[in-house]
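These are the residues of each chain, in order.
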Amino acid sequence: MNHRSPSSSGLLPLPLPGTPSSSWRLYRARLFAFMRDPNTSVLVAFWLFGLINNILYVLLLTAAQDLVGPSIPKALVLLADVMPSFLTKLIAPYFIHLVPYSIRILFFVALSSGGMLLVALTPNTQSVGVKMVGVIIASVSSGGGELSFLGLTHYYGVNSLAAWGSGTGAAGLIGAGLYVLMTDWLGMSVKNSLLVSALMPGIMLLSFFVILPRERIKQTTGTTGYEPLPGLDRDDAADGETEIDASAASVALLSEPGPSSVTAYHNNTANKSTSFWANLNRAKSLFWPYMLPLLLVYVAEYTINQGVAPTLLFPLDQSPFGEYRSFYPFYGFLYQLGVFISRSSTPWFRIHHLYFPSLLQVGNLILLTLHALLNFIPSVYLVFVVIFWEGLLGGAVYVNTFAEIMDNVPAEEREFSLGATSVSDSGGICIAGFIGMAMEVWLCDWQVQRGRDYCRRVEVS
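Residues numbered from 1 in each chain as written. Predicted model: local features only at pLDDT ≥ 70, side-chain atom pairs only at ≥ 80, totals over all residues. Heavy atoms only, no water.

In the annotation of an unreviewed UniProt entry, the entry for the chain reads Protein BTN, and the organism field reads Cercophora samala. The UniProt entry for the chain carries the following comment under Sequence similarities (unreviewed entry): "Belongs to the battenin family." (UniProt positions renumbered as here; feature names shortened; annotations may be inferred.)

1. Considerations on a nonpolar patch on the surface
A cluster of nonpolar side chains, contributed by I366, L367, L370, L374, F376, W442 and W446, occupies part of the molecular surface with about 660 Å² of accessible area. Only α15 (355-374) and α18 (423-460) provide two or more residues apiece to the nonpolar patch. Structurally, W446 can be placed in helix α18. (Patch = residues over 30% accessible without salt bridge, like charges linked within 9 Å, V, L, I, M, F, W, Y side chains within 5 Å. Areas by Shrake-Rupley, 256 points an atom, 1.4 Å probe, with all protein chains shown as cover. Salt bridge = Lys/Arg side-chain N within 4 Å of Asp/Glu carboxyl O. Helix = DSSP H or I, 4+ residues; strand = E, 2+ residues; numbered from the N terminus.)

2. Thoughts on helix α9 (residues 202-211)
Side chains of residues three or four places apart in an α-helix project in the same direction, reflecting 3.6 residues per turn. Among the residues of α9, M204, S207 and F208 are the ones counted as buried. On an axial view of α9, the arc spanned by its buried residues comes to 85 degrees, and they lie on one face. (Buried < 20%, exposed > 50% of the residue type's maximum accessible area, 1.4 Å probe, protein only. Arc of directions from axis to C-beta.)

3. Description of the side chain of N364
Relative to the elements of secondary structure, N364 occurs in helix α15. Other than its neighbours up to four places away in sequence, N364 contacts I304, V386, W389, E390 and L393. (Contact = heavy atoms within 4.5 Å.)

4. Some details on the packing of helix α14 (residues 327-343) against helix α16 (residues 380-408)
Between α14 and α16, the shortest axis-to-axis distance is 7 Å and the interhelical angle comes to 40 degrees. It follows from the interaxial angle that α14 and α16 lie oblique. Here α14 runs over α16; the crossing is right-handed. Of the residues in α16, those in contact with F327, F330, Y331, L334, Y335, L337, G338, V339, I341, S342 and R343 of α14 are V380, V383, F384, I387, F388, E390, G391, L392, G395, A396, Y398 and V399. Tallied by class, residues from the contact of α14 with α16 come to 17 nonpolar, 4 polar and 2 charged. (Axes fitted to C-alpha atoms, helices over the stretch in contact; angles between N-to-C directions. Parallel < 35°, antiparallel > 145°, perpendicular 65-115°, else oblique. Left-handed = near helix turned anticlockwise from the far one by under 90°. Nonpolar A, V, L, I, M, F, W, Y, C, P; charged D, E, K, R; others polar.)

5. Let's talk about the environment of G436
In this fold, G436 is placed in helix α18. Classification of G436 by relative accessible area gives buried; the value is 0%. For G436 and V308, which are 128 residues apart along the polypeptide, the C-alpha to C-alpha distance reads 7.4 Å.

Okay, here's the thing in structure tokens:
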């Protein structure tokens, strides 16, 4: 492999603070040079693409209780936030390549901001259905954006894919934490918090039209709509497979060969496009080792998040909160923190037996459901630990499932296998949405009846 020093890429190492050669002017000059480097621009742009494209999804789920109120299952928001995106990713690949990337970005930014504005500006006195229309619009934008940005990584190499993945992982943590920050700590209303969120998609315009070096994209008359420029550095692509930036190492395992292989990919499309039945047989072979454990963990964790967590309430004087609506967003924040940490753990920790953490997640679902029924966990802080553990398990199964596919599936089948297995998380979320709607209503009714029975016993005594 061709190992290169920092100086060979145009970037010299900074002197240590306190040495004669160090100065603020020198640090500032090196920082500006680093930010102007095309490779840095690509990493920053794709990290922001991943962050902003996914952050609205997380914000809407975190705000679910505030959007629909206490009497409507929060899983309704989950379904409105997931199903349109899932259908978009299912249908759009067959025609979206005909639309230039610049037009797509403008369209998806408009959809995202418009959907969030509709949610924010709809008065509480109007139907929840109007707010759900806004959620659906934002969901379509998220699904189409994911398709487009993942396709765009073919023209910018392995590190762009790693940066995209890192940004999507950060979206979960930042999104949940941002909503808690705005509503609980800064005292902003739900409406104003969502209005601020409606401005965030504009960052994607900045990323695409200002930060991203778009000279690497060239529109063609080919069937793909775009092709990589021949001047891309093949050494960069080769080094990218192993010398991945440490900040994106958590998602490096999902990366395919760099831009030098994209042309070969398009030239061999016919060889890779096997029949429907051959792909169906491949999918069947993926079900037991990869799809099922990923499906199980998503069904369990999203059933917890949307069906059980809203019922996990404690007396306010035994909690760090001043009102009951603060429990649910904080549960979401702890869950996303666990997901982010575990999705960043694969360079140091790997799980090869995927069923074990998936079954542990099912155990979390059983434990928290029993507590919602029987109220035997003595402290809300123990529930905090379980929710954080839930996030760790969910993120670990997700990232290690794809790591196992990268390790064990033959290279000629790997691209299809990664895409086919990803159906499991979308399917798991949708199944959990339907289960959660029924479970939340059932648990709430149980708790109300249990409280009435307790009050009767107190009165009799």
